[in-house]
Every structure is written in C-alpha cells, then in structure tokens.
Amino acid sequence: MTAPATWLDQARDAHRRGDVAAETAALDGAIRADRGNIPALLAMAELKRRLADERAAGSFYRLALATAAQARSVPAALHAGLQRAEAFIAATERAFADHLLAQLAAAGIDRGTAPPRVAQALHILAGEQPLYLQQPSMFYFPGLAQQPFFERSSFAWAEAIEAATDMIRAELQALIEQAADRFTPYVSASADRPPPNNPLLDKSDWAAAWLWKDGAVADGMDRLCPATLAALELAPQPVIPNRAPIALFSRLTPGTHIQPHHGMLNTRLICHLPLIVPDGCGLRVGAETRAWREGELLIFDDSFEHEAWNRGTSDRTILLFEIWRPDIDADERDQLTRIFSAIDTYGEQ
C-alpha cells in the first residue's frame with residue numbers, strides 16, 4: 001500500500017503542476033495543524049512572494065523567525081531560509097519607510113517641521129526608532145505620561161537650585177580633597193543577597209558619595225556639605241521612612257559605561273545637576289540622548305530604559321537626587337508613601 005502523501009509532498013506536487021490553490025491548501029493545513037511548523041511557514045512565505053503579496057509574505061516570515069527564536073535548536077537545513085526571511089523583512093521595511101516618507105512629502109508633511117509627537121510617531125512607524133515605554137522593575141503606577149525627559153523650566157524650584165551650583169561644586173571639591181573615602185562603588189553587593197549581575201559591581205568606576213541615603217542624612221554630611229543639603233530642601237523630594245530622600249554625588253571615571261537598565265519606580269523623577277563634566281559624556285533615556293551642561297538640571301523618568309557614559313579624559317561628577325513626579329497629586333503621594341512603607345515592613349521580625 002502506498003503511504004499517504006505528506007503536506008510537503010502535496011505542496012511540491014501542486015507547485016510542479018502550477019496549482020496555486022492546492023499548494024496553498026497543503027501549506028495552510030500544515031500551519032493550522034502546527035503553527036510552529038517552521039518549514040511550512042517559510043514555504044508559505046515563499047509562495048506569497050511568488051504571488052507578489054509582500055505583506056502576507058512578511059507575516060509568515062515573521063512568524064517563522066519568532067518561532068525559531070524560541071526553539072531550543074533549529075535544524076541547519078532551515079538556516080538559509082531564515083536568513084532569507086531576515087533579508088526580506090529588512091528590505092520591505094526600508095521600502096515601506098521610503099514609500100511612507102514619499103507619500104508624506106507629497107502631502108506636505110515634513111518630519112523636520114512636524115510637531116514633536118507627530119515626528120516621533122513617524123520615526124517609530126518607519127522602523128527608525130524603537131518604542132520605549134516605562135518599565136519600572138519594582139512598582140508601576142498607571143496613568144502617568146510616557147515622557148522620558150522633563151524640561152527644567154517647568155519646575156519653579158529648579159532655578160534656585162541651579163543658582164547654588166558654585167557653592168555645591170565648592171563643597172564637592174573640598175570633599176574630593178579632604179574626604180575622598182566618601183566615594184564608594186555605587187553598585188555593591190549586600191551580605192545577605194545575591195550579587196547583582198552588573199559589570200560595575202564593587203568597582204569605583206561608578207562611585208557615589210551619599211548625602212541622603214535610606215531616608216536619612218549620611219553621617220557627617222551635614223557638616224561637610226551644608227549648602228548642598230540646603231539646596232536640596234528646595235526640591236519636592238519624597239519623604240518615605242527608611243527609603244527616601246536619596247541624594248548623592250555620582251562620579252564616572254573616563255571610559256565608564258553604565259549599561260542600559262530601568263529604575264525601580266515610575267512615581268519619581270531623577271534630577272542631575274552637572275558639576276564637573278568633560279567633553280564626551282552623555283545620557284540616553286528612551287530614544288533621546290542629551291549631554292550634561294554644568295549648572296543646568298537634567299530631569300528624567302528612569303523607569304524608561306536609560307544608559308550613561310563618560311568617553312572623556314577626566315571624571316564626570318553630578319549631584320543626583322529624586323523628586324515626586326509632578327502629575328501625582330498630594331493625596332496620591334500620601335497613599336504611595338503608605339504603600340512603600342508597607343512594602344518595606346514585609347519580612348520584619
């Protein structure tokens with residue numbers, strides 16, 4: 001007795017006969033029976049390409065690639081097909097972007113002059129910019145604006161803190177000269193916790209001199225840095241027992257790169273007051289990169305993916321502190337303070 005034809009035999013036979021309907025039916029049946037059938041997905045994508053249906057081809061190619069990415073192993077015989085899928089998707093994405101921009105130009109829309117949110121949406125649509133959203137590692141508060149950077153001109157207290165830059169820098173310089181041991185590795189391991197998977201673990205390449213830590217002024221800093229602590233009182237810092245405020249001088253040595261990561265919360269903003277900034281330093285938050293300018297606050301939401309680097313030839317040092325997000329009202333701040341305090345009491349004896 002002759003064994004029943006497999007879907008692959010059926011598809012090949014239909015292809016030789018030029019029977020597109022039969023070939024489609026054989027491949028469709030195989031995919032419906034097993035959506036993880038990579039050979040069938042690739043074959044269907046190739047069929048759609050021959051029929052000049054590039055959108056359909058792309059959808060099957062993408063599913064094949066996604067399935068392969070999740071598989072423990074992929075047979076070597078499929079590698080060429082998957083590489084062809086990647087090349088096709090890259091080419092069609094470029095073609096789509098070119099088509100989109102040409103159509104917009106004909107309609108009088110120029111990304112260079114479009115409103116910022118429209119321009120950003122077009123960059124994402126054209127595949128030129130990844131989509132970055134808040135992804136805090138510990139606590140997410142819903143309904144907040146997805147905004148990586150906040151302009152310092154929006155905060156009434158910012159100008160007064162910037163006006164204190166020279167006094168703050170003078171206290172930093174005195175700290176460096178007289179109490180350099182205040183700077184310790186920012187990334188460190190706790191004795192009762194697994195060490196973090198961070199290349200800067202226990203390294204002084206990224207060092208911190210704490211002013212406020214775990215909700216209290218660091219020992220002796222009221223004597224060493226009174227002007228800095230006075231300036232910080234002007235900002236709407238969270239006050240949460242054993243947690244906040246936090247504030248520190250953050251130092252990056254030349255060649256140091258803080259790898260992309262997310263902060264713990266989206267209920268706060270991180271403020272950087274640049275004090276000593278050589279050329280070659282930068283901060284990326286989401287899709288936007290900015291340079292520090294001495295005496296000008298940079299304010300951002302660290303629940304977005306962000307990274308920082310010092311590609312200069314000398315240390316970069318900033319004053320870092322956190323504030324409540326301005327779109328969280330007083331009642332919500334009170335409730336969040338209670339929530340964070342409750343979290344911190346878990347496991348207490």
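Structural notes, computed from the coordinates. (Residues numbered from 1 in each chain as written. Predicted model: local features only at pLDDT ≥ 70, side-chain atom pairs only at ≥ 80, totals over all residues. Heavy atoms only, no water.)

### Regarding the sheet that holds strand 11 (residues 306–310)
The strand order across the open sheet formed by four strands is 6-11-8-9, and the pairing between neighbours is antiparallel. Each having just a single partner strand, strand 6 (257–261) and strand 9 (288–290) make up the two edges of the open sheet. When the angles between neighbouring strand axes are averaged without regard to direction, this sheet yields 15°. (Pairing = 2+ DSSP bridges. Helix = DSSP H or I, 4+ residues; strand = E, 2+ residues; numbered from the N terminus. Axes fitted to C-alpha atoms, helices over the stretch in contact; angles between N-to-C directions.)

### Here we look at helix 2 (residues 20–33)
Taking 1.5 Å per residue as the helical rise, helix 2 with its 14 residues ought to reach 20 Å, and the 20 Å between its terminal C-alpha atoms agrees with that figure. What helix 2 keeps buried is the set Glu23, Ala26, Leu27, Ala30 and Ile31. Taken end-on, helix 2 shows its buried residues confined to a sector of 130°, consistent with a single buried face. For helix 2, the exposed residues set more than 90 degrees away from the buried face come down to Ala21, Ala25, Arg32 and Ala33. Lining the buried residues of helix 2 we find helix 1 (7–17), helix 3 (38–50) and helix 4 (54–70). Sitting at the amino-terminal end of helix 2 is aspartate 19, which places a side-chain oxygen 3.3 Å from the backbone nitrogen of alanine 21. (Expected span 1.5 Å × (residues − 1). Buried < 20%, exposed > 50% of the residue type's maximum accessible area, 1.4 Å probe, protein only. Arc of directions from axis to C-beta. Contact = heavy atoms within 4.5 Å. Polar contact = N/O pair within 3.5 Å; in protein donor to acceptor, adjacent residues only side chain to side chain.)

### As for unusual backbone geometry
For the peptide bond that leads from alanine 244 to proline 245, omega is 10°, which places it in the cis range. With respect to the secondary-structure elements, proline 245 resides in the loop between helix 10 (226–232) and strand 5 (247–252). Here aspartate 202, not a glycine, exhibits a phi torsion of approximately 60°, which is positive. Structurally, aspartate 202 is set in the loop between strand 2 (184–185) and strand 3 (206–213). In this structure, aspartate 214 takes a positive phi of about 55° despite not being glycine. Looking at the element boundaries, aspartate 214 is found in the loop between strand 3 and strand 4 (216–217). Here aspartate 214 falls in the partly exposed class, since its relative accessible area comes to 45%.

### Notes on the layout of surface pockets
Counted as a void, the second largest pocket has a volume near 490 Å³. Looking at the second largest pocket, it is lined by 21 residues, and the ones nearest its centre are Gln120, Gln146, Gln147, Pro148 and Glu288. The element contributing the most residues to the lining of the second largest pocket is helix 6 (residues 116–125), with four residues. Grouping the constituent residues of the lining of the second largest pocket by class yields 12 nonpolar, five polar and four charged. (1 Å grid on protein atoms, 1.4 Å probe; cavity = no way out; pocket = protein on both sides within 12 Å on 5 of 7 lines; lining within 4 Å. Points joined across faces, edges and corners; volume = space filled by probe spheres on them. Nonpolar A, V, L, I, M, F, W, Y, C, P; charged D, E, K, R; others polar.)

### A short note on the environment of threonine 289
By secondary structure assignment, the location of threonine 289 is in strand 9. Along the chain, threonine 289 and histidine 306 lie 17 residues apart, while their C-alpha atoms are 9.3 Å from each other. Once residues lying within four places of it in the same chain are set aside, the contact partners of threonine 289 are Leu283, Arg284 and Trp309.

### So, the packing of aromatic side chains
By the definition in use, this model includes seven aromatic pairs. Look at phenylalanine 139 and phenylalanine 340: their rings are 5.1 Å apart centre to centre, the planes differ by 80°, and that puts the pair in the edge-to-face class. Remark: phenylalanine 340 occurs in helix 11 (residues 330–345) and phenylalanine 139 occurs in the loop between helix 6 and strand 1 (149–150); sequence separation between them is 201 residues. Take phenylalanine 139: its relative accessible area is 17%, and that puts it in the buried class. Of the residues examined, phenylalanine 340 reaches a relative accessible area of 1% and is grouped as buried. Pairwise contacts between aromatic rings join Phe155, Trp157 and Phe321 into one cluster. Residue placement shows arginine 290 over the ring face of phenylalanine 149; its charged tip is 4.2 Å from the ring centre. Above the face of the tryptophan 292 ring, arginine 316 is positioned so that its terminal group lies 4.7 Å from the ring centre. (Phe/Tyr/Trp six-rings, centres within 6.5 Å; stacked < 30°, edge-to-face > 60°. Lys NZ or Arg CZ within 6 Å of the ring centre and 35° of its normal.)

### Some words on the packing of helix 4 against helix 5 (residues 79–106)
For the pair helix 4 and helix 5, interaxial distance at closest approach is 9 Å and the crossing angle is 130°. Comparing their axes, helix 5 and helix 4 come out oblique. Handedness of the helix 4/helix 5 crossing: left-handed. On the side of helix 4, the interface is formed by Glu54, Ala57, Gly58, Tyr61, Arg62, Ala64, Leu65 and Ala68, while helix 5 contributes Leu82, Arg84, Ala85, Glu86, Phe88, Ile89, Thr92 and Glu93. Counted by class, the contact of helix 4 with helix 5 contains nine nonpolar, two polar and five charged residues. (Parallel < 35°, antiparallel > 145°, perpendicular 65-115°, else oblique. Left-handed = near helix turned anticlockwise from the far one by under 90°.)

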